[in-house]
Structure formats: structure tokens, C-alpha cells
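Each chain is listed here by its residues.
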Amino acid sequence: MNEVSTKKQLPTKSDRHKLFGSVDPGPRTKPEEKSEMVDLQNTKKDFLFELDAVGISNVKHPVSIQSGIAPNKQSTIGTFYFASTISQDSKGTNMSRFTEQLQSYSQNEFEVNIPTLKKFVYELHTRLNQRDAELSVSFPWFFERKAPYTGQSGMNHAEAWMDVRYDQDTGYDITVGLTGKVTTLCPCSKEISEYSAHNQRGNLTMEVKLDETFDDSKVDWKEVLLEAAESNASARIHPVLKRPDEKMVTEQAFENPRFVEDMVRLVAADLYEMEFVEKFYVECVNEESIHLHDAVASITYDKMSDK
Ligand SMILES: Nc1nc2c(ncn2[C@@H]2O[C@H](COP(=O)(O)OP(=O)(O)OP(=O)(O)O)[C@@H](O)[C@H]2O)c(=O)[nH]1
């Protein structure tokens, strides 16, 4: 017996598009050459207010970073924000210039470090014809971590970011930050219980304004901030722990109980002692294991005015 073919005979692709609502192009009345197009963005009038910032955000781009901890050079994904102020008499910024500028840095691997980002924002302010320009980039930073007893290693990561501004009147302003995770063991629980103590994963966020002499080819600020968080915690977090390691971190956490307030104050003290830090913000958010909610504490401190 012959098989009956059941294959559908479909309309052509262009007929299918029409079937689903596509229409032929209408008459063309507006110019297609750039030189003849209206340039709304560059209209000059009194537009009522100057704006603090106009730009683009959530721009993903591959970048490379240097790290004080292995792997010392790594590729990662940067999420960028670019902006500048605009004057009261400018209708809009030229948004294509932000991504044009980014593309000009991507020809060779875009290594995000302080000198490169300073050069980037300086050129951006010139390209935009504005008195300032700002760039923020955040990225996952990976670092090798060895287990405390067996030395078995694995890869941890933290979220890091850099914010670099240039203003032709005031110069550069550089802020860096990091959110790292730590173990915290509750001091209250330890104190009141016959045995054990609940503990949680703490998210430590530090943001610092760097002084202008800071040289990121000599000091890795990511490593320094991570150490400030971890060295003050109940215990560090590890990707690989064998039993002798687990025993060590469990006992270490019990020997070093911390409230969120303790974490913030201890990390603040470390940042206060760092010569290259001018201002800082520290926040600890503990994902409580005995609650559905988190415990939080934070501090903002300006070392220049000592408050
Ligand atoms: N200012 C402004 N631009 C927008 C907005 N939304 C989209 N655009 C952008 O407008 C851009 C095109 O404008 P411009 O960058 O000024 O283009 P252009 O005038 O050809 O650029 P230049 O040659 O550098 O002057 C596109 O990249 C769009 O992303 C908005 O809300 N405000």
C-alpha cells in the first residue's frame, strides 16, 4: 500500500508575514541622509532645568580584569552605566556616543583598571561636549580559595564595581565597591543556648572613595576589601571543604560570634585605618536561618570630616 503524504504546503515566507499582519512600506517622506535629518537632541532652547545625569545603563560588555589572587588575569562580563550632566539649554544627549566610545575600547581586550577608566571618562566628556562624564562598571570577580586544613581549592566569586567620574572643574572622583559573602554566628544565640548557635550567610557590601594617589597596579582593592570582610567575620566561605576543614570552620565560627552591627563596626575600623580610603559605606545583610527576614546594619563615614 502507498503511504499518503501528509506534508503541508506552506505559503512563501513573505506571504506568511502578510498573513500575520505585515504590510508594504508606506510612502517615504522624511530624509534618509544624516545631514538632512532633524537633530532634535542638539536643539538649543531654555529647557527649564539642568539634569544631573543622562545616559545609558545595563550595557553588557566583555572585559578583562587583573586580580591579586589567582586567576591573576581573567575575562568577565562588565555591566556598564554611562552618563553626564546636561545643561538647561540642551534638549538631549547624543546617546550613540556612549556605545561608540565603548566600541573604540573593545578592539583590544578592554581591561578595566583605574588609568584606563580615567582616560575613558575624560574622552567621553570631550566626545559629548559636556563638562563632565561618569562611568560605572560592575562585574563578577573570581578568586581561588583553599580549604583551611586540606588546602583543596575551588573558585569563589564576589560582585565588584568601579565608578569613575571626571568633571572639568573638580577633576576625577573614584569609588570602588565589593559585595562578598561570609559566615556569621549569632552571639546572642551562643550566649543563651545550652549548646549550638544559629548561623547565617552574611552579605558584606563595602564602597570606598579612593584618594587620588591610589595605584591599582600596586594594590588590588578587590582583595583588600574582601579581606576586610572575611577577616572580621565568624568564618570564611569555601567552595570545597572536606571533614577536617568543616570541623575547623565550624569551630572558628563558634569562637568568633558576630552580630550584623559587629560586622559593620569591625569592617569600618579596617577601612578607617586604610590610608587610601577617604570615605566609606559598609552594610551587612544577614540571611537569617531562624527567620524568613534578613538582619541589616550599615554605616557611612567621611574620614575627611571624621564623621
Ligand atoms: N537623548 C536621547 N536619545 C535617545 C533616547 N532614546 C533613544 N535615544 C538614542 O538616540 C540615538 C541617536 O541619536 P544620536 O546619538 O544623537 O545620533 P547622531 O545625532 O547621529 O549622533 P552624532 O553624530 O554623535 O551627533 C540612538 O542611539 C538612540 O539610542 C532618549 O530618551 N534621549
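Details of the structure are given in the entry above.
A brief structural summary. It should be emphasised that the depicted structure is a prediction, and the values quoted were computed from it without experimental measurement.

Describing the overall build of the protein chain
Secondary structure assignment for the protein chain yields seven helices and eight strands. Its C-alpha radius of gyration of 27 Å places the protein chain more than 25% over the 19 Å reference for a compact globule of 307 residues. Taken along its principal axes, the extent of the C-alpha atoms in the protein chain is 85 × 80 × 35 Å. Out of the 307 residues belonging to the protein chain, those deemed buried represent 39%. By element, 51% of the accessible surface of the protein chain is carried by carbon and sulfur atoms, the whole surface being about 18900 Å². In the protein chain, the 36 positive side-chain charges and the 50 negative ones have mean positions that sit 7 Å from each other.

Observations regarding the pairing of strand E1 (residues 51-66)
Pairing of E1 with strand E2 (residues 73-86), which is carried by 12 bridges, proceeds in the antiparallel orientation. The residue of E2 that forms the bridge with Ile-56 is Phe-82.

What to know about the nonpolar core
Ranked by size, the top nonpolar core spans 57 residues in total, and within it Phe-80, Phe-82, Trp-141, Met-206 and Leu-271 carry the most contacts. Residues Leu-185, Ala-197, Val-249 and Ala-253 belong to the second largest nonpolar core, which totals five residues.

Looking at the sheet that holds E2
Across the sheet, eight strands lie side by side as E1-E2-E3-E4-E5-E6-E7-E8; this open sheet has antiparallel pairing. The open sheet terminates on both sides in strands that have one partner only, identified here as E1 and strand E8 (294-302). Pairwise comparison of adjacent strand axes, ignoring direction, gives a mean angle of 15° for this sheet. Inspection of the sheet shows strand E7 (residues 277-287) paired to E8 by nine bridges, in the antiparallel sense. Looking at E8, one finds that Asn-286 is bridged to Ala-295.

Side note on the side chain of Asp-167
Residue placement: Asp-167 occurs in strand E4 (residues 153-167). Of note is the side chain of Asp-167, whose polar atom sits 2.7 Å from the backbone nitrogen of Asp-169. Apart from the residues lying within four places of it in its own chain, the contact partners of Asp-167 are Arg-131 and Asp-132.

Some remarks on the pattern of salt bridges
The final tally for this structure, using the stated rule, is 17 salt bridges. The partner of Glu-109 in a salt bridge is Lys-73, with the nearest N and O atoms 3.5 Å apart. With a gap of 36 residues between them, Glu-109 in the loop between helix H2 (96-105) and helix H3 (114-128) and Lys-73 in strand E2 connect regions that are remote in the sequence. Residue Glu-109 is classed as exposed on the basis of its relative accessible area, which comes to 52%. Lys-73 sits in the partly exposed class, given a relative accessible area of 44%. Because the salt bridges share partners, they merge into one network encompassing Arg-145, Glu-227, Glu-230 and Arg-236.

Definitions and cut-offs
Residues numbered from 1 in each chain as written. Predicted model: local features only at pLDDT ≥ 70, side-chain atom pairs only at ≥ 80, totals over all residues. Heavy atoms only, no water. Helix = DSSP H or I, 4+ residues; strand = E, 2+ residues; numbered from the N terminus. Rg over C-alpha atoms; globule rule 2.2 N^0.38 Å. Buried < 20%, exposed > 50% of the residue type's maximum accessible area, 1.4 Å probe, protein only. Areas by Shrake-Rupley, 256 points an atom, 1.4 Å probe, with all protein chains shown as cover. Lys, Arg positive; Asp, Glu negative; His and termini not counted. Charge placed at Lys NZ, Arg CZ, Asp CG, Glu CD. Pairing = 2+ DSSP bridges. Core = buried A, V, L, I, M, F, W, Y, C linked by side-chain atoms within 4.5 Å. Axes fitted to C-alpha atoms, helices over the stretch in contact; angles between N-to-C directions. Polar contact = N/O pair within 3.5 Å; in protein donor to acceptor, adjacent residues only side chain to side chain. Contact = heavy atoms within 4.5 Å. Salt bridge = Lys/Arg side-chain N within 4 Å of Asp/Glu carboxyl O.

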